[in-house]
Amino acid sequence: NFVYTLLLGLLISALFLSFSRGAIIAFAGQIILVIIYFFKRIKVKTLTYTLLLIIFSGSLFFGMNHLRNINHQVIDIEERATFDNSESLTSKQERIDFWEGSIELIKEQPLTGYGPFSFRYAYNGIQETFLGNADHPHNLFLKIGVEYGLISLFIFICFLITGATTILRRFSKLKKADKDLLYILFVSVAGIFAHNLIDYNLNFLANLLILFLFLAFMRSIVSIKHQTINNIGLSILTFGFCIISLYEGSLLVMAETNDDDYLKYSLFPRNYYLSTADEMIQDEDFESALEIL
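Since we're looking at a predicted model, the values are computed, not measured.

S.K.: Account for the packing of aromatic side chains, with residues named and values stated.
M.R.: Here the structure, examined in full by the defined rule, presents 12 aromatic pairs. With 5.1 Å between their ring centres and 65° between their planes, tyrosine 272 and tyrosine 273 make a pair best called edge-to-face. What makes tyrosine 272 buried here is its relative accessible area of 9%. For tyrosine 273, a relative accessible area of 29% puts it in the partly exposed group. Chaining the aromatic ring pairs together yields one cluster made of Phe141, Phe156, Phe159, Phe193 and Phe212.

S.K.: Describe the packing of helix H8 (residues 176-198) against helix H9 (residues 205-222), naming the residues involved and giving the relevant values.
M.R.: Any two packed helices are characterised by how steeply their axes cross, that is the angle between the axes, and by the distance between the axes. Interhelical geometry of H8 versus H9 gives an angle of 150° and a closest axis separation of 10 Å. Of the possible angle classes, the one that applies to H8 and H9 is roughly antiparallel. For the crossing formed where H8 meets H9, the hand is left-handed. Here Asp178, Leu181, Leu182, Leu185, Phe186, Ser188, Val189, Ile192 and Phe193 of H8 come into contact with H9, specifically with Leu211, Phe214, Leu215, Phe217, Met218, Ile221 and Val222. Split into classes, the residues belonging to the contact of H8 with H9 amount to 14 nonpolar, one polar and one charged.

S.K.: Can you tell me about the packing of helix H7 (residues 140-170) against H8, naming the residues and giving the values?
M.R.: The geometry of H7 relative to H8 is characterised by a closest axis approach of 15 Å and an angle of 165° between their N-to-C directions. With respect to H8, the axis of H7 lies roughly antiparallel. For the pair H7 and H8, the crossing hand works out as left-handed. Residue-level inspection shows Leu140, Phe141, Phe156, Leu160 and Ile167 of H7 in contact with H8, the latter providing Leu182, Phe193, Asn196 and Leu197. Of the residues belonging to the contact of H7 with H8, the class tally is eight nonpolar, one polar and no charged.

S.K.: Tell me what's going on with the side chain of threonine 276, and back it up with residues and numbers.
M.R.: Inspection of the secondary structure assignment puts threonine 276 in helix H11 (residues 270-282). Under the relative-accessibility criterion, threonine 276 is labelled buried at 14%. Here tyrosine 272 takes part through its backbone oxygen, which lies 2.7 Å from a polar atom of the side chain of threonine 276.

S.K.: If you had to explain a nonpolar patch on the surface to someone new, which residues and values would you point to?
M.R.: The grouping of Ile31, Ile35, Phe39, Ile42, Leu47, Leu51 and Ile54 at the surface amounts to a nonpolar patch, some 610 Å² of accessible area in total. Of all the elements in the fold, those that place two or more residues in the nonpolar patch are helix H2 (21-38) and helix H3 (44-71). The greatest single-element share of the nonpolar patch, amounting to three residues, is contributed by H3. By the secondary structure assignment, isoleucine 42 is in the loop between H2 and H3. With a relative accessible area of 38%, isoleucine 42 lands in the partly exposed category.

Reading the values: rules and limits
Residues numbered from 1 in each chain as written. Predicted model: local features only at pLDDT ≥ 70, side-chain atom pairs only at ≥ 80, totals over all residues. Heavy atoms only, no water. Phe/Tyr/Trp six-rings, centres within 6.5 Å; stacked < 30°, edge-to-face > 60°. Buried < 20%, exposed > 50% of the residue type's maximum accessible area, 1.4 Å probe, protein only. Axes fitted to C-alpha atoms, helices over the stretch in contact; angles between N-to-C directions. Helix = DSSP H or I, 4+ residues; strand = E, 2+ residues; numbered from the N terminus. Parallel < 35°, antiparallel > 145°, perpendicular 65-115°, else oblique. Left-handed = near helix turned anticlockwise from the far one by under 90°. Contact = heavy atoms within 4.5 Å. Nonpolar A, V, L, I, M, F, W, Y, C, P; charged D, E, K, R; others polar. Polar contact = N/O pair within 3.5 Å; in protein donor to acceptor, adjacent residues only side chain to side chain. Patch = residues over 30% accessible without salt bridge, like charges linked within 9 Å, V, L, I, M, F, W, Y side chains within 5 Å. Areas by Shrake-Rupley, 256 points an atom, 1.4 Å probe, with all protein chains shown as cover. Salt bridge = Lys/Arg side-chain N within 4 Å of Asp/Glu carboxyl O.

Interpretation in functional terms is not warranted from these geometric data alone.
Encoded structure:
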């Protein structure tokens with residue numbers, strides 16, 4: 001109980017500190033789902049502790065925010081929370097422009113898309129407002145559709161549907177403790193997807209790892225254990241990952257200790273070429289920069 005309380009307090013404090021509108025909306029939905037599921041088991045003592053925790057976290061945040069306001073300009077929390085400030089209005093309109101623009105881009109390249117990390121460049125041609133561009137359209141599914149095409153989007157949706165179908169079919173057969181854990185994981189994953197419908201933060205590796213770890217945990221809870229398992233495929237896959245990791249790791253070491261040019265032999269050389277082109281632009285060698293881009 002202490003660990004759960006501590007984690008909840010840290011989460012609430014982090015939400016107050018970041019004050020991301022998308023995160024708060026998703027978190028509110030998660031809280032409602034948790035309350036609905038555990039409503040009959042909620043005790044007055046637990047509810048009191050939770051409310052006190054929220055009050056403490058909120059007081060800590062607003063107190064620190066007030067102290068910071070003495071010497072620095074800070075964002076008006078009430079306006080930010082109610083979407084009334086000019087930044088929020090601009091953000092909302094830009095998101096609408098991104099979503100509508102993404103649909104147009106998908107129509108132009110429906111099958112394979114424009115390529116990984118290409119949204120910023122593909123969107124330039126239909127950009128509505130000056131400087132109104134971003135690395136992503138603030139929506140996970142639209143990003144996949146624009147950059148990887150409808151084929152990849154269809155496969156990703158099928159992956160989610162098959163996993164959800166398996167979980168729903170086997171949920172009633174689980175023990176109570178497994179049901180509770182599975183539901184909490186489901187709420188966590190649902191919050192991630194809800195947030196990524198109006199924003200996109202899976203470009204951070206840590207967030208992406210958390211999402212797929214949670215999906216793996218959910219799948220493991222409902223998996224049917226077999227007495228005999230064929231380990232050949234798993235061994236080959238593990239060996240392949242080890243080879244790739246050693247290869248990429250060796251390139252990184254050589255680049256750090258010897259020459260950055262080793263990175264161009266990487267299986268994922270995009271950042272190398274971008275950084276090299278940036279250096280050429282700084283040196284005003286535009287012809288070479290254009291060639292390497």
